[in-house]
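Single-letter residue listing:
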Amino acid sequence: PHQLDAEHELPAAENAEGDAVTIDSPSGRVSSESSEVQKLRVERDTLIDRLARLQAEFENARKRTAREQQDFREYALADAVKALLPILDSFERALQTGSAERSEFRSGVELIYKQLQDALLKLGLRAIPARGELFDPHLHEAIEMVDTTEAADHQILEELQRGYKLKDRLLRPSMVRVARNPKH
């Protein structure tokens, strides 16, 4: 038996299934390309599956990053607004005291206070209702319990310091005096 060189290889033929078959040697040993095709199909399917998983991981990472950035922006905003709350308190105290006369200075202070309130409102700052409401430990901080029969039990009698929420996040609870009514 003599060996064929590359120039004398026999042409490829097809078997009954349509798979290409080559004759490797004149001795008639036939190697089916179907096993090679099957290996390539398995490898292709594995790579496609891997690609799909990587795409899903990338999409999840992108969403997680966007969510983390949003959380950071909200945290930064909450920090900045929280720093402005004492200024808002000072404006409120300044406007509560003072004479009944309407001087230009007082009008200017009221205008600045109103502008500050509007800017904070646009950012999502909301005052927590207190006076006349029922005490809610998630929103209010009881500074004092007052025995009285003129108000319902656990009703807020007075707001000592206004509380605020930024969107749905509590920035500062309201400091309040709460009624304790032994009849209820």
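Preceding this section is the structure that the text describes.
In what follows, the accompanying structure is described. Small disclaimer: the values here were computed from a predicted structure and weren't measured.

Observations concerning the layout of surface pockets
Which parts of space are left empty comes out when a probe the size of a water molecule is rolled across the atoms. Of the volumes computed, that of the largest pocket is approximately 230 Å³. Lining the largest pocket, in full, are Asp89, Glu92, Arg93, Gln96, Glu159, Leu160, Gln161 and Arg162. Contributing elements (two or more residues each) for the lining of the largest pocket: helix H1 (34–96) and strand E6 (156–161). Per-element tally for the lining of the largest pocket: the top contributor is H1, with four residues. A per-class count over the lining of the largest pocket returns one nonpolar, two polar and five charged. By volume, the second largest pocket amounts to about 160 Å³. Broken down by secondary-structure element, the contributors of at least two residues to the lining of the second largest pocket are H1, helix H2 (104–123) and strand E4 (125–127). The element best represented in the lining of the second largest pocket is H2, accounting for five residues. When its residues are assigned to classes, the lining of the second largest pocket shows seven nonpolar, one polar and four charged.

So, the pattern of salt bridges
Any two side chains of opposite charge can pair, given that their charged atoms come close. Applying the stated criterion to the full structure yields eleven salt bridges. Between glutamate 59 and arginine 62 there is a salt bridge whose closest N-O contact spans 2.3 Å. Of this pair, glutamate 59 and arginine 62 both sit in helix H1, three residues apart, which is roughly one turn of that helix. Its relative accessible area of 29% is what places glutamate 59 among the partly exposed residues. Between arginine 106 and glutamate 110 there is a salt bridge, with the nearest N and O atoms lying 3.3 Å from each other. Placement of both arginine 106 and glutamate 110 in helix H2 is noted, with a separation of four residues, approximately one turn of the helix.

A short note on H2
With 20 residues, H2 should reach 28 Å at 1.5 Å per residue; the first-to-last C-alpha distance of 29 Å fits that figure. Looking at the buried positions of H2, the neighbouring elements they touch are H1 and E4. One or two steps after H2, the chain reaches glycine 124, where phi turns positive at roughly 110°.

Thoughts on the nonpolar core
By size, the foremost hydrophobic cluster in this structure holds 14 residues, and its most contacted members are Val81, Leu85, Leu88, Leu120, Leu125, Leu166 and Leu171. Broken down by secondary-structure element, the contributors of at least two residues to this core are H1, H2 and strand E7 (164–166). If one sorts the elements of this core by residue count, H1 sits on top with six residues. Not counting the four nearest positions on each side in its chain, leucine 125 is found in contact with Val81, Leu85, Leu88, Leu120, Tyr164, Lys165, Leu166 and Leu171.

Observations concerning the sheet that holds strand E5 (residues 140–147)
Strand pairing in a sheet relies on backbone hydrogen bonds, with the paired strands running either antiparallel or parallel. Across the sheet, three strands lie side by side as E5-E9-E6; this open sheet has mixed pairing. Single-partner strands in this sheet number two, and they are E5 and E6. Strand after strand, the sheet turns through a mean of 25° between neighbouring axes, direction not considered. In the sheet, E5 pairs with strand E9 (residues 174–180) via seven bridges, with the strands oriented parallel. Along E9, the bridge assignment pairs histidine 140 with serine 174.

Reading the values: the criteria
Residues numbered from 1 in each chain as written. Predicted model: local features only at pLDDT ≥ 70, side-chain atom pairs only at ≥ 80, totals over all residues. Heavy atoms only, no water. 1 Å grid on protein atoms, 1.4 Å probe; cavity = no way out; pocket = protein on both sides within 12 Å on 5 of 7 lines; lining within 4 Å. Points joined across faces, edges and corners; volume = space filled by probe spheres on them. Helix = DSSP H or I, 4+ residues; strand = E, 2+ residues; numbered from the N terminus. Nonpolar A, V, L, I, M, F, W, Y, C, P; charged D, E, K, R; others polar. Salt bridge = Lys/Arg side-chain N within 4 Å of Asp/Glu carboxyl O. Buried < 20%, exposed > 50% of the residue type's maximum accessible area, 1.4 Å probe, protein only. Expected span 1.5 Å × (residues − 1). Contact = heavy atoms within 4.5 Å. Core = buried A, V, L, I, M, F, W, Y, C linked by side-chain atoms within 4.5 Å. Pairing = 2+ DSSP bridges. Axes fitted to C-alpha atoms, helices over the stretch in contact; angles between N-to-C directions.

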